[in-house]
Amino acid sequence: MNGTEKKGSELLHSAALIGLTALLMLLFASSLFMHHFLPKVDVETVGSGTLSAAIRGSGVALTEGSTEITSPASRVVENVFIRPGQSVKKGELLISFEQTFDSEISEEYEKFDQLMDEYESYARQTPLLTDFTNPFLNVNGTMVNFDKLEVMVNDAMYSGRQEEYNELKALRDQTRYQIDMTKYYENAGIDATNASLLSMEEKIAEQQKLLREMSGVEGENGIYAVSDCTVSSVSCKNGETVDKGDTLCVLGGTQGRCTLSFVVTKEQAECVKVGDRAAVGSGYFDSGVNAELKSMHKADNGVKLTFALSGSVSDGDELTLLIGRESADFDLVVPISAVHSDSNGSYVMTVEPLSGRLGKQYAARRTGVEVLAQDESRCAVSGGIHSGDWLIINSETPIADGDQVEFGREQ
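Since the structure is predicted, the reported quantities are computational estimates derived from the model, not experimental observations.

Draft legend 1. The arrangement of the side chain of Glu-150 in detail. Note that Glu-150 resides in helix α3 (residues 146–159). A residue is classified by how much of its surface remains accessible, and Glu-150, at 18% relative accessible area, is buried.

Right, here's the structure in full:
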């Protein structure tokens, strides 16, 4: 190798070395830059522990036996004619609305028109017998009953009027078949035709009532008392805009006695029994409110617990109850701050190392859990986490599944 080639090789080697060094420095700087802007999180490891098998739930106190009246649509309250404690009579106007016709009402009118079209179409296609035991029929423009039709068939047959006989006999046989089939359905507890039409008529009546309530036509521009009762509470005022489903007032019930309900899991419900007393929290410890589990009923997403409340409690008070009988050991105990919930259920955010990355890098992972019990600061859970896992208990910003994070303090 001559001097020129050797010198070129050395320059190439030096350039490669400089490039590699620059790349490493760039990666290092990039890593430092990225870590500087990563959200910092505080974590705690999952462990076992002993908790009081207590259940925490929140709800709104309602007068026992009361009826909650809600707004049928988005409306503007014109006048409120009632006050808490007032006695009202059946049919009395309680709350009036300003008349309005909005897009929501237009949609309900379209539903009404569709129901009417379906009803009329079905009624036209379905032969109805006004008297299934002896129906009246139209024979050549004359209304005759089934007994008379039998006489006419026999008369045509014995008189030799064959064409008339054939027509009358066909009508009689068809009618007899309908009678027999109707009796069959009645004996089976099913009158298919009438049941279908009755169902349609009920839907039409319900839609008409809804339209009257929403639009304020035919004088029904408000909320009326459906029975003699006492007003428990009023939640709206003159000139206020209320949304569909908003509580307007609570009627009836036994004054001075309230109930509160919330839903728990099946496993949680196994920790309590009817008659258990609950502690009243959220600032009500010294308020003299007493709570006792009155009933437990199966709900779509668990078990509904209903409590009887007494003491210094009023309709509409928001309360948090804590109920449980004894302590128990659990394999997975986590801080309450680590457990979150949304429409998909309860979950925790764990922290996992990212493999194959330069330096220590970590990502947050969402894991679904079920809360079995809790006390003032900790929860016992079950799910996809294990003892020793890192859980995020605090973060600078909201963390989503898969987000890269950095520890707020050294682990």
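Draft legend 2. View of the pattern of salt bridges. One pass over the structure, following the stated rule, counts eight salt bridges. A salt bridge links Lys-169 to Asp-173; the shortest N-O distance between them is 2.9 Å. You can see Lys-169 and its partner Asp-173 sitting in helix α4 (residues 162–187), four residues apart, about one turn around the helix. Since its relative accessible area comes to 28%, Lys-169 is described here as partly exposed. A residue is classified by how much of its surface remains accessible, and Asp-173, at 29% relative accessible area, is partly exposed. As a salt-bridge pair, Glu-292 and Arg-277 come within 3.6 Å of each other at their nearest N and O atoms. Of the two residues, Glu-292 is situated in strand β16 (residues 289–299) and Arg-277 in strand β15 (residues 277–281); the sequence distance between them amounts to 15 residues. Given a relative accessible area of 52%, Arg-277 falls into the exposed group.

Reading the values: the criteria
Residues numbered from 1 in each chain as written. Predicted model: local features only at pLDDT ≥ 70, side-chain atom pairs only at ≥ 80, totals over all residues. Heavy atoms only, no water. Helix = DSSP H or I, 4+ residues; strand = E, 2+ residues; numbered from the N terminus. Buried < 20%, exposed > 50% of the residue type's maximum accessible area, 1.4 Å probe, protein only. Salt bridge = Lys/Arg side-chain N within 4 Å of Asp/Glu carboxyl O.

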